[in-house]
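# Coordinate inspection notes
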Amino acid sequence: MNPLDEDNEGEVPFGEPSSAEQELAPDAPDASVQTFETESDFSSMSEVSSETLGAFGACFVYAHLALFLGAIGPMGWYFEGWSRAGPLLFAGGVVAGWLTYRRYRKWERQRATDDTAGSDTATAAADGEDAG
């Protein structure tokens, strides 16, 4: 590449490999890209229970709030001198973190009782088939 070429005005070829480097360089590996079909109607969303979706949404908001307030509070206190607002923001972050944990545990317990009730129903149905 000629740096004085009119097509490349102002461009300097820094970092481009020379012809000797190109000959010695290994060939680039062949890469295949896997594509996925996307559904625009989101029909797979119907497979998610409303309890799970609600718990996820609540935990998402609470966790982000906990992270934001838990970081802004101490920084505001230390760097900006927010001697009242900083600790309050941090305390709000701790409360939001606790709410995240509490909501997740509630969802987990509910899921465990649903699984237990579902297995009891399946066992009772199997016992009924054996008796008949």
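Residues numbered from 1 in each chain as written. Predicted model: local features only at pLDDT ≥ 70, side-chain atom pairs only at ≥ 80, totals over all residues. Heavy atoms only, no water.

Let's shift gears to the side chain of T100. Relative to the assigned elements, T100 resides in helix α3 (residues 85-131). For T100, a relative accessible area of 15% puts it in the buried group. Only 3.2 Å separates the side chain of T100 from the backbone nitrogen of A63, close enough to count as a polar contact. Setting aside its immediate chain neighbours within four residues, T100 contacts C59, Y62 and A63. (Helix = DSSP H or I, 4+ residues; strand = E, 2+ residues; numbered from the N terminus. Buried < 20%, exposed > 50% of the residue type's maximum accessible area, 1.4 Å probe, protein only. Polar contact = N/O pair within 3.5 Å; in protein donor to acceptor, adjacent residues only side chain to side chain. Contact = heavy atoms within 4.5 Å.)

This part is about the pattern of salt bridges. Going through the model one piece at a time under the given rule, you end up with 1 salt bridge. For the salt bridge of R105 with E108, the shortest nitrogen-to-oxygen distance reads 2.6 Å. Of this pair, R105 and E108 both sit in helix α3, separated by 3 residues, roughly a single helical turn. Classification of R105 by relative accessible area gives partly exposed; the value is 31%. The exposure class of E108 is partly exposed, given its relative accessible area of 27%. (Salt bridge = Lys/Arg side-chain N within 4 Å of Asp/Glu carboxyl O.)

The subject of this paragraph is the environment of S83. When you line up the elements, S83 lands in the loop between α2 (50-80) and α3. On the accessibility criterion, S83 (52% relative accessible area) is exposed. C-alpha separation for the pair S83 and G73, spaced 10 residues apart in sequence, amounts to 9.7 Å.

Further remarks concern the packing of aromatic side chains. For the structure on display, the rule yields 3 aromatic pairs. Each ring, one from Y78 and one from F79, has its centre 5.0 Å from the other, and the planes form 85°; the classification is edge-to-face. A relative accessible area of 67% places Y78 in the exposed class. Geometrically, the ring pair formed by Y104 and W107 is tilted, given 5.9 Å between the ring centres and 40° between the ring planes. On the criterion of helical spacing, the pair formed by Y104 and W107 is a turn pair, its members being 3 residues apart in helix α3. We classify Y104 as partly exposed; its relative accessible area is 38%. On the basis of relative accessibility, which here comes to 16%, the residue W107 falls in the buried class. (Phe/Tyr/Trp six-rings, centres within 6.5 Å; stacked < 30°, edge-to-face > 60°.)

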